[in-house]
Structures are given as C-alpha cells and as structure tokens.
Amino acid sequence: MRVLLTGGAGYIGSHTALVLLERGHEVVVLDDFSNSSREAARRVAELSGREVPVIEADLADRAAATAALDGVDFDAVIHFAGLKSVGESVAEPTRYYRVNIDSTLTLLDLMRERGVTNLVFSSSATVYGDPQYVPQDEAHRTGVGLTNPYGWSKFMIEQIIRDTFTSWPELGAVVLRYFNPVGAHPSGRIGEDPTGIPNNLMPFIAQVAVGKRERLSVFGDAYPTVDGTGVRDYIHVMDLAEGHVAALERIAPGVKTYNLGSGTGSSVLEVVRAFEEASGCPVPYTVVPPRPGDVAEVVANPSKANAELDWSTTRSLAESCRDSWAWQSANPDGYRA
Ligand code: NAD
Ligand code: UDP
C-alpha cells in the first residue's frame, strides 16, 4: 500500500513509517513540524534505505492541506497528526479542539472526495476516563470522567469517524487506543523528542539519567497499587508500530476499535528501577502530591487485538528502557544536534 502518514515525523509516526517501509509498503509523510523535525524523516529514510517523501502542511488549514496534497497518491491514511499535551489542552482548549478536530474533518472530507477508504486513527486509553475495572477491554465505557480537552478531542473524533461510516459505508476505519508508548528504535537513531519539560514519565526519567534534569517528581505514593505509585501499561513503540501495520493489512469496510497495550502494568517505581538498571545511571526522585486528573491504574486487556489482528507485544519493559536510553544517550538534545 501507499500510506499517507499525517503527523508522520512525530514519535509514533516515525517508528511506524520505518516498519511500513520494512514490510514493503510506501509512505508519504504530511507534517507541519509543530512538534517534530524533518530530521526524523531523514533518519527513517537512512535506516530503511528507502525514500520518504515529506509534505509540509497544516492539516487543520483545509485550503493549505488540500493544495499540498494535490497530485499526491495514496490508498490508506494513518492519522497521527494532532496536539497531545494534556496540561496544555487544559490551558488552551480552543487551540486543541481546533487542531485535533479540524485536522480530522479535513482529512475525512479529502479521503471521501478522492475515494480513499482506508483509515487508521490514533486514539488513546484516555477515552476510558475513570476506570470501572482493570484491565480495560474495548467494551469499557468511554467518555465518563474525562478530565481534559485532549481526552475529549479523542472521544469526539472516535464518534466523528463512526458517524462518517454511517453516511459512507465503504469507509474502513480502525481506531487504535494506545496505552503508554515508550522506548525507541533499538538503533538509537529515532526516538521521542519532547520540546521543553517532558510531561510523560519515561522521557522525564531518561533526561534525569542523562543529567539534563536533577530529579524526578513521583506524583503520589498512596494509590491502592503494588507500591502506592501509579500503574500504567507501557508499550514499546516498535510493538505499537507493528500493531498499526497489522491493523492496516486487515482493514475492511466498517469501524473496528482495538486496544494496543501489553496487558501488564508497571508502577512508577518499577519503571525507575528498570531504567536505572538499563542505563547504569541513578535516577533520584522525590515523592510529591498526586497530579490532578491522574488515576491509580490503567492497564489494557489486549485480547481483541491479539486475536483479530494476530498481533501481540513481544518487547519487555527492560527493552523499552534499554532502547530509550540508546536514543537519549546518543541524542541528548534530540534531533537538534
Ligand atoms: P508527536 O507530537 O510526536 O506526533 C504528532 C505529529 O503531528 C507531530 O509530528 C506534529 O508536528 C504533527 N502535527 C501536529 N499538528 C499538526 C497539524 N495541524 N498538521 C500537520 N501535522 C501536525 O506525538 P506522538 O506521540 O507521535 O502521537 C501521535 C498520535 O498518537 C497523536 O494523535 C497522539 O495524540 C496519539 N497518542 C499518543 C500517545 C503518547 O503517549 N505518545 C498516547 C495516546 C495517543
Ligand atoms: N508520573 C510521575 N512523574 C512524572 C510523570 C509521570 O510520577 O514526572 C507518573 C504519573 O502520575 C503516572 C505515570 O507516571 O502514574 C505515567 O504518567 P504519564 O504522564 O507518562 O502517562 P499517563 O498519565 O498519560 O498515563
């Protein structure tokens, strides 16, 4: 297939581009580089030995995106483009809704105009909100207890995709609900390159280990979990990338929804210890009060993806830490060398 990757220069998009190329597919990256760099696409080309055409455009700007894609052929889209910082979304809700929702509306109209029927969308376990039970399967209720516009935008886009299918039954869409993506390509050439202070746990830990930040703040140690710290399902980004390829290769008319997670939870302190072991560097931390909106435990039940996509995770938390360290230690300033 020839696959358009919106947001394809970003963290998950760049790893997915590489796996697609290695499987013999062709890719086209569309990105506005608001949270990424051209260098990521260049390194994907270098690692794969294949061409990675890049189109610079803001997908939320319908006229600009339509013009930029004029004459560009593709028969499937993986839609990664969007803003993803939970805290920022609380401070700037209109910007988050505009970018995330408008980008999707533009994309769906463009696909329909051109008769491109295959779509994979990056959703998030955040749509499950306040967990009723753990591990969460796809039947878990969504849209209750969401605490930020980022999460709501994912919830709304899932609904927009289902409504679009109702009016356009040729559409084949796969909604992938990611748990916590971590790690990097084992070469250490591509990885997660957050601008400013990382919001997420593993990139923060990596920056403490490499000496860019002094210590980790652990957000709460009185949750009802194994050691009192928050538990999440960390999934290696290469496993996640392979999940996209599995979904794309099985796409058919309809809307399917899958959890992409490992099914195993790890606490904050377990991640700290695993990272110390992988890097050989100490990760000092201080326990501080819980972060507002955080929940105790989020873990995937990935059975549906395991069965229907013939996909499961194969990489451990130790490998995620090792690969994250390979990336961080070789690229302490990310792509801004
Ligand atoms: P990322 O920020 O690295 O990648 C997103 C890419 O989209 C970036 O390259 C950015 O420049 C681009 N982009 C943003 N707005 C754009 C626009 N208007 N037009 C064109 N390009 C635009 O993030 P990521 O971690 O790779 O996440 C990819 C997708 O997965 C996002 O939709 C995100 O919400 C979703 N997701 C991520 C996580 C996570 O923890 N990383 C978890 C669940 C879901
Ligand atoms: N966390 C933490 N310190 C940090 C960042 C995160 O203790 O600097 C905790 C957070 O409370 C949660 C886990 O690490 O229990 C994962 O947080 P992250 O922001 O990476 O993912 P999410 O909250 O979206 O699952």
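All of these numbers come straight from a predicted model, not from anything done at the bench.

What counts, and at which threshold
- Residues numbered from 1 in each chain as written.
- Chains lettered and ligands numbered in written order.
- Predicted model: local features only at pLDDT ≥ 70, side-chain atom pairs only at ≥ 80, totals over all residues.
- Heavy atoms only, no water.
- Helix = DSSP H or I, 4+ residues; strand = E, 2+ residues; numbered from the N terminus.
- Buried < 20%, exposed > 50% of the residue type's maximum accessible area, 1.4 Å probe, protein only.
- Polar contact = N/O pair within 3.5 Å; in protein donor to acceptor, adjacent residues only side chain to side chain.
- Contact = heavy atoms within 4.5 Å.
- Near = heavy atom within 4 Å.
- Areas by Shrake-Rupley, 256 points an atom, 1.4 Å probe, with all protein chains shown as cover.
- Phe/Tyr/Trp six-rings, centres within 6.5 Å; stacked < 30°, edge-to-face > 60°.
- Lys NZ or Arg CZ within 6 Å of the ring centre and 35° of its normal.
- Axes fitted to C-alpha atoms, helices over the stretch in contact; angles between N-to-C directions.
- Parallel < 35°, antiparallel > 145°, perpendicular 65-115°, else oblique.
- Left-handed = near helix turned anticlockwise from the far one by under 90°.
- Nonpolar A, V, L, I, M, F, W, Y, C, P; charged D, E, K, R; others polar.

### So, the side chain of His25
Okay, step 1: Inspection of the secondary structure assignment puts His25 in the loop between helix H1 (11-22) and strand S2 (26-31).
Okay, step 2: Of the residues examined, His25 reaches a relative accessible area of 8% and is grouped as buried.
Okay, step 3: Within the structure, the side chain of His25 is placed 2.9 Å from the backbone nitrogen of Met1, a separation counted as a polar contact.
Okay, step 4: There is a polar contact of 2.8 Å between the side chain of His25 and the side chain of Glu249.
Okay, step 5: Residues within four places of His25 in sequence aside, it is in contact with Met1, Leu20, Arg50, Val245 and Glu249.

### Details of the site of ligand 2
Okay, step 1: If you check the shell around ligand 2, you find 14 residues, and the closest are Leu201, Ser217, Arg232, Arg291 and Asp294.
Okay, step 2: Within the backbone of Leu201, a nitrogen or oxygen atom sits 2.8 Å from an oxygen atom of ligand 2.
Okay, step 3: A total of 510 Å² of accessible area belongs to ligand 2 in isolation, and the protein chains cover 87% of it.
Okay, step 4: A per-element tally of the shell around ligand 2 places strand S8 (residues 216-219) first, with four residues.

### A few points about the packing of aromatic side chains
Okay, step 1: Tallied over the entire structure, the rule returns four aromatic pairs.
Okay, step 2: Between Phe275 and Trp325, the aromatic rings sit 6.1 Å apart at their centres with planes inclined by 90°, giving edge-to-face as the arrangement. On the criterion of sequence distance, the pair formed by Phe275 in helix H9 (residues 268-279) and Trp325 in helix H11 (residues 317-330) is long-range, its members being 50 residues apart.
Okay, step 3: Residue classification places Trp325 among the buried positions, given a relative accessible area of 16%.
Okay, step 4: Where Trp327 meets Tyr335, the ring centres are 4.9 Å apart and the plane angle is 55°; that geometry is what we call tilted.
Okay, step 5: One residue, Lys304, lies across the ring of Tyr258, its end atom 5.0 Å from the ring centre.

### A word on the packing of helix H5 (residues 93-114) against helix H6 (residues 149-167)
Okay, step 1: Where H5 meets H6, the axes come as close as 10 Å, and the angle between the chain directions of the two elements is 20°. Regarding the angle of H5 to H6, the classification is roughly parallel. Between H5 and H6 lies a crossing of right-handed hand. Within the contact between the two elements, H5 uses Pro93, Tyr96, Tyr97, Asn100, Ile101, Thr104, Leu105, Leu108 and Arg112 and H6 uses Pro149, Tyr150, Trp152, Ser153, Met156, Ile157, Ile160, Thr164 and Ser167.
Okay, step 2: Along the lines of polarity and charge, the residues of the contact of H5 with H6 split into 12 nonpolar, five polar and one charged.

These results come straight from atomic positions and should not be treated as a statement about function.
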